[in-house]
Amino acid sequence: MADLQLKSIEKNYGSTRIIKGVDIDIKDGEFVVFVGPSGCGKSTLLRMIAGLEDISGGELTIDGKVVNDLQPKDRGIAMVFQSYAIFPHMTVRENVGFGLTVSGVPKDEKVQRVNEAAQILQMEHLLDRRPSQLSGGQRQRVAIGRAIVRNPKVFLFDEPLSNLDAALRMDMRMEISKLHKKLDATMIYVTHDQVEAMTLADKIVVLKDGEVQQIGSPMELFHKPANRFVAGFLGSPSMNFVKVKVVAHDNDSITVSSDVIDEVVLPRHDRDVAVGDTIELGIRPQYLEPHHGELKGSMHGRVSLSERLGTETVLDITLADGNKVIASISEDKVFEVDEEISLCFDIEKVHIF
Amino acid sequence: MKKNSILTRHNTTGWLFASPGFGLMLLFIVIPFILAIAFSLTNQRLMSPNAAEFVGLENYTNMLDVGILVVDPEIDASGNILVDKNGDNKYPRLRKFTRNNPDYPNVQGMKEWFSFSWGEQKVAIMASDLVFMKALVNTLTFVAFVAPIQGALALILALLINQPLRGIQIFRSIYFMPVVVSIVVVSLLWRFIYDGQNGLLNSVLNTLTFGHFKAVDWLGNQDTALGSIMAMSIWQAVGFHMIIWLSGLQTISPTLYEAAKIEGASPWQTFRYVTWPGLRNTAVLVVIVITMQAFSLFAQIDVMTSGGPLDSTQTIVYQAVERGYGKQDISGGSAMSVVLFLLVLSISLLQRYLTREKN
Ligand SMILES: Nc1ncnc2c1ncn2[C@@H]1O[C@H](COP(=O)(O)OP(=O)(O)O)[C@@H](O)[C@H]1O
Ligand SMILES: [Mg+2]
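Everything numeric here is computed off the predicted structure, so don't read it as measured data.

Q: Which residues make up the overall build of chain A, and what are the values?
A: Assigned secondary structure in chain A consists of nine helices and 20 strands. A burial count over chain A gives 51% of its 353 residues as buried. Counted over contacts in chain A with a minimum sequence separation of 6, partners at least 24 positions apart contribute 64%. When the accessible surface of chain A is split by element, carbon and sulfur atoms take 46% of a total near 16,100 Å².

Q: Residue-level account of the UniProt feature "domain: ABC transmembrane type-1" (unreviewed entry) in chain B, with values.
A: This chain's UniProt record puts "domain: ABC transmembrane type-1" (unreviewed entry) on residues 136–351 of chain B. In the segment residues 136–351 of chain B, helix accounts for 74% and strand for 0%; the C-alpha atoms at its two ends are 20 Å apart.

Q: Requested: an account of the UniProt feature "domain: ABC transporter" (unreviewed entry) in chain A, with residues and values cited.
A: When the UniProt feature table is mapped onto this chain, "domain: ABC transporter" (unreviewed entry) is found at residues 4–234 of chain A. The distance separating the terminal C-alpha atoms of residues 4–234 of chain A is 25 Å; by composition the span is 36% helix and 26% strand.

Q: Break down the packing of aromatic side chains for me, with residues and values.
A: Under the criterion given, the structure shown has 17 aromatic pairs over all chains. Seen from their ring centres, Phe229 of chain A and Phe233 of chain A are 5.7 Å apart, and the 20° between their planes marks the pair as stacked. Highlighted residues: Phe229 of chain A and Phe233 of chain A, both in helix H9 (residues 228–233), separated by four residues, approximately one helical turn. With a centroid separation of 5.2 Å and 50° between ring planes, the pair formed by Trp190 of chain B and Trp235 of chain B is classed as tilted.

Q: Describe in detail the layout of surface pockets, supporting the description with residues and values.
A: All names here are of chain B. Size it by volume and the largest pocket reaches roughly 840 Å³. If you trace the largest pocket, you find 19 residues lining it, with Asn162, Gln163, Pro164, Tyr257 and Thr270 closest to the centre. Contributions of two or more residues to the lining of the largest pocket are made by helix H10 (254–262) and helix H11 (267–278). The dominant element in the lining of the largest pocket, judged by the number of residues it contributes, is H10, at five residues. Class assignment for the residues of the lining of the largest pocket results in 10 nonpolar, six polar and three charged. Quantified by volume, the second largest pocket comes out at close to 610 Å³. Only helix H2 (11–39), helix H14 (316–326) and helix H15 (330–354) provide two or more residues apiece to the lining of the second largest pocket. The greatest single-element share of the lining of the second largest pocket, amounting to 10 residues, is contributed by H2. Within the lining of the second largest pocket, the residues separate by chemical class into 19 nonpolar, five polar and no charged.

Calculation notes
Residues numbered from 1 in each chain as written. Chains lettered and ligands numbered in written order. Predicted model: local features only at pLDDT ≥ 70, side-chain atom pairs only at ≥ 80, totals over all residues. Heavy atoms only, no water. Helix = DSSP H or I, 4+ residues; strand = E, 2+ residues; numbered from the N terminus. Buried < 20%, exposed > 50% of the residue type's maximum accessible area, 1.4 Å probe, protein only. Contact = heavy atoms within 4.5 Å. Areas by Shrake-Rupley, 256 points an atom, 1.4 Å probe, with all protein chains shown as cover. UniProt positions renumbered as here; feature names shortened; annotations may be inferred. Phe/Tyr/Trp six-rings, centres within 6.5 Å; stacked < 30°, edge-to-face > 60°. 1 Å grid on protein atoms, 1.4 Å probe; cavity = no way out; pocket = protein on both sides within 12 Å on 5 of 7 lines; lining within 4 Å. Points joined across faces, edges and corners; volume = space filled by probe spheres on them. Nonpolar A, V, L, I, M, F, W, Y, C, P; charged D, E, K, R; others polar.

Dropping the structure here:
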């Protein structure tokens, strides 16, 4: 278990810059999730930490020691891959004990440590099976077992749940969370799934195009997104953005309006604006409150799709200017397609970008 | 739904499409094979005015019969053993026993294959078809050396060119090149390399040893001829098996190598725990293919040595052809091919049994 620092880490393939100077501080025992859209460089970053990719620039420190040029095995890390990467011709027991076998740990100790790991993951009954006789979830359990048996300082997970079906994914997610609490180990977890990020992380690192967008706790990121990208990436369905014009502003408030929103006064955010500027309002679907008829709310549109899930109703709304917003109500409410509606929102919950 | 066309509804269509290939296989593989079995049971000659007669297994017994002859040393009138000038016991000539000797019907017409001494006596192993026996031993020797060496060498080459280095394609092509060239051409070229006077091999060895190396007639010498052909055969086909290994290597997921690296496996451990188990099926294929190819050794012999010197490079296939067409004894040649077939079949089955999935 250890601290871990990334200082202006870079990765280039030829002249293509993939990771463009990333700084992250990870504390001992922290569960850090790297999240971002596919292709943003999450795996590359993780693989650099693991030692599977060379570091083009910057400094990687594990437990106070610069490890840029160390082999993976000397970095004290263990990694779990999306495709499990368990050895197909070995039994579960041999797979879990592989790291101990290659480092020449005595047999008795190996048996004991493999059994311990199996017990933690509740897979003692699987030890003599072969990978081909296991389900996807069980395979991933074996891969995690192989990681924990070596007592690494840092666990690395690269989208470990992406190959599993939805129900299993949720189970395994909880299991990994429990595992983190039990082992109290430093874990770095890569995913493109914001739900996994929100539920697992102590600290989320949002990446886009090889750059850090924001680092913080899940709730910090959710309630105070640093930019439009982070705001749009976290939360489901994702945040609505509506373009408006600044009509007036003073020290405490900004007044905005547009073709689809009646004039509304918002609390002042720490952002410089001038009258006539176009800015974007970010409103989460859960904070839009639709009403029948055009009168009640300050935003106007027409229902183009209504999805009723029983406990939740999701409306796809086309605004007067043709843009779309989504509203999500946490109860079952009937709206007809093509119905004219108006939307209310709490001005405290509006983000300005 | 669209109705199936008449073409796809009838089984006949399938057979029609298969028929060219099927017909050719029938004509050139199945029929000759059946004919060979049939001929081997007769006294058919390649060209003969007489009708062939059924002779049962005579061709096989003529070919495979071996006998043991235990010979007492010659003694003089006073009962002392006669010795030659080297001090070895003198034995009567074996001809006395094999030519019309009613006391020794089991070695009638046989020749000495090899012999060893047993106390004062000499034990001679006799064979009725000495050339075939030599061909059999040579073929088995060839297989025993070529199969493992060629397989291992091909694997090493495949591992080397499986690296993600720039220009590795060039090496791939170079190693594969000899496979593309006809074996007859390769054999001709290697005859120059192995030439006794000013062959390339002799010159190179001569230069490397500053003139101390005495030129060897590689193909004209009983002790080196078979070895030379082995070396050249290994070189020629190694690229083919390299490609098979390579295709096997590329089915192994790169993530497994990464996992092994993370777990701290050394290069040897990576080979042992990841690469080799991943090559299981490929290994079975390579071993069986190499063995079958090695057993069918013919062109090199035909071009380079014609079985000589002193039958030291006779092989079963070469003998079968020589017997069947050279000597026009098509039934004898057929019997040999059938024996070869059974040999290869049983070895292949054995290999498959030994390499079966143990679960
Ligand atoms: N070996 C490579 N050569 C060139 N580009 C690469 C290589 N590996 C990855 N990339 C590029 O790096 C970017 C980040 O990839 P990756 O880290 O796998 O993304 P993520 O895991 O976030 O989906 C991608 O645009 C990908 O095309
Ligand atoms: Mg990835």
